[in-house]
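# Breakdown of the fold
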Amino acid sequence: MAPKKPPPPGTEEVRLPRLTDPVGQALQFMSALMFASYFWFGPAMGCGMAMVSPVGLNLLGWRGCAAVVGAYLAQLLLYRPQLSRGWPAALLYSRLTDYVAHYYDATCIREGPKLDPSRQYMFAMYPHGVYGVCRAFTGGVELWGELFPGIRLRWGSFGMAFYLPGVREFSLLA
């Protein structure tokens with residue numbers, strides 16, 4: 001077996017171990033659940049509408065529910081923030097993504113020296129199929145900010161993602 005090569009100069013490793021206190025455990029679990037389940041946002045929004053409808057709490061009449069759903073569907077088709085700068089990356093650079101990384105007991109490694117923040121870079125995430133929450137590993141306060149200080153990134157997504165309820169909002173916020 002060949003001897004292991006030393007890492008390139010400037011290599012840095014950030015480890016976010018699982019949190020063990022009850023509040024930390026709850027935060028990391030809920031954050032990971034949200035990141036891993038954003039395809040369920042659409043059905044969750046439907047359940048929310050059912051709760052405020054006359055069948056549920058009766059906070060909105062049927063016409064009110066239809067108006068809210070109609071306005072949401074119209075903005076899905078007509079409003080295209082993804083073609084410009086999107087929304088502020090509120091999810092990507094928040095503590096939320098750090099909690100997701102804590103849940104997965106993540107260790108992320110930057111091989112090589114720090115990157116120049118005045119330049120542009122393209123990062124590829126692999127394997128997406130193993131970690132559907134790969135966006136969480138490229139954000140946060142602790143993780144990304146420590147490995148790549150000064151470098152802000154935006155995610156790309158396939159075009160149909162911006163027509164799927166919930167997935168659209170998640171993609172625009174990351």
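Here the structure is a predicted model, which is why all the values come from computation and not from measurement.

Here we take up the packing of aromatic side chains. As enumerated under the stated definition, the model contains three aromatic pairs in all. When the centroid spacing of 5.1 Å and the interplanar angle of 90° are considered together, the rings of Tyr 103 and Tyr 104 count as edge-to-face. Judged by its relative accessible area of 25%, Tyr 103 is partly exposed. Look at Tyr 104 and you get partly exposed, because its relative accessible area is 27%.

Looking now at the packing of helix α4 (residues 95-103) against helix α5 (residues 140-147). Contact pair α4 / α5: the axes reach a minimum separation of 6 Å and the direction vectors enclose 90°. Our classification of the angle between α4 and α5 gives roughly perpendicular. On the side of α4, the interface is formed by Arg 95, Thr 97, Asp 98, Ala 101 and His 102, while α5 contributes Gly 140, Val 141, Glu 142 and Leu 143. For the contact of α4 with α5, the class distribution of residues is three nonpolar, three polar and three charged.

We now examine unusual backbone geometry. In the Ramachandran plot, Asn 58 falls in the positive-phi region, its phi being about 60° despite a non-glycine side chain. One non-glycine residue, Asp 105, lies in positive phi territory at about 50°. When you line up the elements, Asp 105 lands in the loop between α4 and β2 (106-110). Residue Asp 105 is classed as partly exposed on the basis of its relative accessible area of 32%.

It is worth spelling out the pairing of β2 at this point. Side chains of β2 alternate between two faces, with Ala 106, Cys 108 and Arg 110 buried and Thr 107 and Ile 109 left unburied. Pairing of strand β1 (residues 12-16) with β2, which is carried by five bridges, proceeds in the antiparallel orientation. Paired with Leu 16 across the two strands is Ala 106, which belongs to β2.

Another point: the environment of Tyr 99. Here Tyr 99 is to be found in helix α4. Tyr 99 sits 41 residues away from Gly 140 along the chain, and the two C-alpha atoms are 8.5 Å apart. Leave out the neighbours within four places in its chain, and Tyr 99 touches Leu 19, Leu 27, Gln 28 and Ser 31.

Time to look at the nonpolar core. Side chains of nonpolar character tend, in soluble globular proteins, to be buried together. Ranked by size, the top nonpolar core spans 14 residues in total, and within it Ala 101, Phe 137, Leu 143, Trp 144 and Leu 147 carry the most contacts. The set of elements that each furnish at least two residues to this core consists of β1, β2 and α5. For this core, the leading source of residues is α5, giving three residues. Not counting the four nearest positions on each side in its chain, Trp 144 is found in contact with Tyr 93, Phe 123, Phe 137, Thr 138, Gly 139, Pro 149, Ile 151 and Leu 153. If you look at the next biggest cluster of nonpolar residues, it comprises nine residues, including Phe 35, Leu 91, Ala 161 and Phe 170.

Analysis parameters
Residues numbered from 1 in each chain as written. Predicted model: local features only at pLDDT ≥ 70, side-chain atom pairs only at ≥ 80, totals over all residues. Heavy atoms only, no water. Phe/Tyr/Trp six-rings, centres within 6.5 Å; stacked < 30°, edge-to-face > 60°. Buried < 20%, exposed > 50% of the residue type's maximum accessible area, 1.4 Å probe, protein only. Axes fitted to C-alpha atoms, helices over the stretch in contact; angles between N-to-C directions. Helix = DSSP H or I, 4+ residues; strand = E, 2+ residues; numbered from the N terminus. Parallel < 35°, antiparallel > 145°, perpendicular 65-115°, else oblique. Contact = heavy atoms within 4.5 Å. Nonpolar A, V, L, I, M, F, W, Y, C, P; charged D, E, K, R; others polar. Pairing = 2+ DSSP bridges. Core = buried A, V, L, I, M, F, W, Y, C linked by side-chain atoms within 4.5 Å.

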